[in-house]
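Residue-level structure breakdown
Listed below, chain by chain, are the residues.
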Amino acid sequence: MKKTIQIFSMLLIALTVMVSCKKDTDPADKDFFVGTYNGTVSYRNGQTTINSSDGKVTVSKVGETYNFYFGSNIPDITGVKFEKTGDNSYVSVGTGLTGITIDASSLKMLVVKDGQTWTANCTR
């Protein structure tokens, strides 16, 4: 009986150590801002203007870059790289694709590239 209690105690201690030593990961490492954001979006290209107060932007990650897919016949923005600023907030970096700020709950965008302008003020 004493041997059984000793084995049971060792198993209980081992289980406690395994559960309490789980890996702590930063939410940013989990691509926590990939998903769909809803809100106001707009696009302008010369004479063409598209505005939507109930628009959506779907964010996906491919390798090290992110893609932004709009509804409402607005062209997509692809190949965006980000740099971390502050607590799990990111801003876009690179040529022609600056002006995007994103975190787990909001997406703000003012991108001007090749005579086109995209804006977004969205949450999820």
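What comes next concerns the included structure. Predicted, not measured: the structure shown is a model, and the values here were computed from it.

1. A word on the sheet that holds strand E2 (residues 48-62)
Strand order around the closed barrel formed by eight strands is E1-E2-E3-E4-E5-E6-E7-E8, with antiparallel pairing between neighbours. When strand polarity is set aside, the average angle formed by the axes of neighbouring strands in this sheet is 30°. In this sheet, E2 lies alongside strand E1 (residues 35-45) in antiparallel orientation, the contact comprising 10 bridges. For Asn45, the partnering residue across the bridge sits in E2 and is Thr48.

2. Brief notes about the nonpolar core
Phe68, Phe70, Ile77, Ile102, Leu107 and Met109 are the most contacted members of the largest nonpolar core, which has 25 residues in total. Listed by contribution, the elements that provide at least two residues to this core are E1, E2, strand E3 (65-70), strand E4 (77-85), strand E6 (100-102), strand E7 (106-113) and strand E8 (116-123). Sequence-distant contacts of Phe68, defined by excluding residues within four places in its chain, comprise Val57, Thr58, Val59, Asp76, Ile77, Val80, Phe82, Ile100, Ile102, Leu107 and Met109.

Rules of the game
- Residues numbered from 1 in each chain as written.
- Predicted model: local features only at pLDDT ≥ 70, side-chain atom pairs only at ≥ 80, totals over all residues.
- Heavy atoms only, no water.
- Pairing = 2+ DSSP bridges.
- Helix = DSSP H or I, 4+ residues; strand = E, 2+ residues; numbered from the N terminus.
- Axes fitted to C-alpha atoms, helices over the stretch in contact; angles between N-to-C directions.
- Core = buried A, V, L, I, M, F, W, Y, C linked by side-chain atoms within 4.5 Å.
- Buried < 20%, exposed > 50% of the residue type's maximum accessible area, 1.4 Å probe, protein only.
- Contact = heavy atoms within 4.5 Å.

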